[in-house]
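Fold and contact review
Listed below, chain by chain, are the residues.
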Amino acid sequence: MSTRVGIVLFPGSNCELDVAEAVRSLGGDAEILWHDEPSLRGVDVVVLPGGFAHGDYLRPGAIARFSPVMEKVVAFAEAGGPVVGICNGFQVLTEAGMLPGALQKNAGLKFVCQMAQLRVESVDSVLTAGLTVGDIVKMPINHFEGNYTCSEQTLTRLRSNDQVILRYVGNPNGSLDDIAGICNEGRNVVGLMPHPERASHELLGSLDGVPLLRSLLAPATPGCADPLSG
Amino acid sequence: MRYAVRVEVRLRDGIADPEGATIERSLPALGFDGVSEVRVGKSIRFVLDADSEESALGEVDDLCRRFLTNPVIEDATISIEAAEVLQ
């Protein structure tokens, strides 16, 4: 049976169909979940896609975290369910307190829209399980607020727990410690600024997002929350 | 009681403020010299019904921490005064 991926559509999200297309092209089932829905319909994986949820009013992700569906997403993640936030989805996860730190405005004063080179730093997460540490992958980034920041204590904890999963090669936005993606301590909640779904077909200029999406579509892996896996 | 509340949200020191930096860089071109440390924030105003100034302050403080600011990157200053009764 195909893995069912629920993609949350907030008012202002704009990458949900890209994620759905990429998931389907890899043999998964994709369902769009409206943010006002009281249920996740029993999906196996939840993706918070890119865009401008609730117009990014107040701060990116600040209002999205109060969307009714988020209560279910939090419970799903607490039960070990895989949750991935891409770009604006990453901002929502930090605002919701599901991932530490925050995404501030890019250091270079510019909206960045380019292909980024990334180094795989940890393969112990629901999104990177199928990769190899040290792999260099190419995926597009497209954001104004992607400059990851956190307190010194949080950074120390992220490093010692191997929670940084992707780093930029050639930092495009000022992110602390070149961080492009992190996971939670359970390794089932992942946030990243690059867009794997836009690197899922030759015509898009890169296929490097495919192994990440495949990792997500791998049969439900409670092992990702394995206490022995660091 | 009704209280007029003003919350000023500022980026914390060390947090990138591209808007402030851009304004600062454009000032000399307009002949305004000697302006530095430009920071851009947000001012949020609202009216709150509360039993006392103390309880109003407590509620606004909670509102700031949980919603109006992201404590990782922002601080807030709160001012409260009794609102004029209009009716």
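So, a few notes on the structure that sits alongside this text. (Residues numbered from 1 in each chain as written. Chains lettered and ligands numbered in written order. Predicted model: local features only at pLDDT ≥ 70, side-chain atom pairs only at ≥ 80, totals over all residues. Heavy atoms only, no water.)

To continue, consider the overall build of chain B. A count of helical and extended segments in chain B gives two helices and three strands. Walking chain B from its N terminus toward its C terminus, one meets helices and strands in the order β-α-β-α-β. Taking 2.2 N^0.38 as the reference for a compact globule, 87 residues should give roughly 12 Å; the C-alpha atoms of chain B span a radius of gyration of 17 Å, well beyond that estimate. Its C-alpha atoms give chain B principal-axis dimensions of about 50 × 30 × 15 Å. Classification of the 87 residues of chain B by burial places 28% in the buried group. Of the contacts made within chain B by residues no fewer than 6 positions apart, 72% connect residues no fewer than 24 positions apart. (Helix = DSSP H or I, 4+ residues; strand = E, 2+ residues; numbered from the N terminus. Rg over C-alpha atoms; globule rule 2.2 N^0.38 Å. Buried < 20%, exposed > 50% of the residue type's maximum accessible area, 1.4 Å probe, protein only. Contact = heavy atoms within 4.5 Å.)

The next point concerns the interface of chain A and chain B. Across the contact, 17 residues belong to chain A and 16 residues belong to chain B. When chain A packs against chain B, close to 1,300 Å² is buried across both sides, 66% of that on carbon and sulfur atoms. Together, A:Leu58, A:Arg59 and A:Leu109 form the three largest contributors to the area buried by chain A at its contact with chain B, with a combined 44%. Run the count over chain A and chain B and you get one salt bridge. The partner of A:Arg59 in a salt bridge is B:Glu74, with the nearest N and O atoms 3.6 Å apart. For the pair chain A and chain B, the interface holds six residue pairs in polar contact (both at pLDDT 80 or more). (Buried area = accessible area lost by both parts, 1.4 Å probe. Salt bridge = Lys/Arg side-chain N within 4 Å of Asp/Glu carboxyl O. Polar contact = N/O pair within 3.5 Å; in protein donor to acceptor, adjacent residues only side chain to side chain.)

A separate point is the pairing of strand β1 (residues 2-11) of chain B. All names here are of chain B. Of the two faces of β1, the one holding Tyr 3, Val 5, Val 7, Val 9 and Leu 11 is buried and the one holding Arg 2, Ala 4, Arg 6, Glu 8 and Arg 10 is not buried anywhere. In terms of strand pairing, β1 meets strand β2 (residues 42-49) through eight bridges, oriented antiparallel. The residue of β2 that forms the bridge with Val 5 is Phe 46. The pairing of β1 with strand β3 (residues 74-82) spans nine bridges and is classified as antiparallel. Residue pairing across strands places Val 9 opposite Ala 76, the latter belonging to β3. (Pairing = 2+ DSSP bridges.)

Residue and element names in this part refer to chain A. Spatially, nine strands are ordered β2-β1-β3-β4-β11-β10-β9-β6-β7 in an open sheet, and the strand pairing comes out mixed. Edge strands, defined here as strands with exactly one partner in the open sheet, are β2 (29-34) and β7 (136-143). Taking each pair of neighbouring strands and ignoring which way they run, the sheet shows an average axis angle of 25°. Pairing of strand β6 (residues 112-120) with strand β9 (residues 164-168), which is carried by three bridges, proceeds in the antiparallel orientation. Across the sheet, the residue bridging to Arg 119 is Arg 167, located in β9. Seen against the sheet, helix α3 (residues 88-95) touches β3 (45-48), β4 (83-86), β10 (179-183) and β11 (189-192) and runs at an angle of roughly 120° to β4. (Axes fitted to C-alpha atoms, helices over the stretch in contact; angles between N-to-C directions.)

A few words on the environment of A:Arg119. Residues and elements named next belong to chain A. With respect to the element layout, Arg 119 can be found in strand β6. Distance from Arg 119 to Val 169, taken between C-alpha atoms, is 6.5 Å for residues 50 residues apart in sequence. With near-sequence residues (within four places) excluded, Arg 119 lies in contact with Gly 134, Asp 135, Ile 136, Ile 165, Leu 166, Arg 167 and Val 169. Reaching out from Arg 119, the side chain makes a polar contact with the side chain of Glu 121 at a distance of 2.9 Å.

With that settled, consider the side chain of A:Glu145. Structurally, A:Glu145 can be placed in the loop between β7 and β8 (147-149). Apart from residues no more than four positions distant in its own chain, A:Glu145 is found in contact with A:Asp56, A:Pro60, A:Gln91, A:Leu103, A:Gln104, A:Lys105, A:Asn106 and A:Met193.

Counting residues in each nonpolar core, the largest one holds 66 residues, and the members touching the most others are A:Val46, A:Val73, A:Val83 and A:Leu166. With residues near it in sequence (within four places) discarded, A:Val83 still touches A:Val46, A:Val73, A:Phe76, A:Ala77, A:Leu93, A:Met98, A:Asn188, A:Val189 and A:Val190. (Core = buried A, V, L, I, M, F, W, Y, C linked by side-chain atoms within 4.5 Å.)

For the rest of this paragraph, the subject is unusual backbone geometry. Residues and elements named next belong to chain A. A positive phi angle is found at Asp 178, which is not glycine, with a value near 60°. The topology assignment puts Asp 178 in the loop between β9 and β10. Judged by relative accessible area, which is 30%, Asp 178 ranks as partly exposed. Although it is not a glycine, Arg 187 adopts a positive phi angle of roughly 70°. Mapped onto the elements of the fold, Arg 187 is located in the loop between β10 and β11. Arg 187 gets classed as buried once you look at its relative accessible area, which sits at 3%.

On the surface, a nonpolar cluster with roughly 310 Å² of combined accessible area is contributed by B:Leu30, B:Phe32 and B:Val35. Take B:Leu30: it is sitting in the loop between α1 (18-26) and β2. (Patch = residues over 30% accessible without salt bridge, like charges linked within 9 Å, V, L, I, M, F, W, Y side chains within 5 Å. Areas by Shrake-Rupley, 256 points an atom, 1.4 Å probe, with all protein chains shown as cover.)

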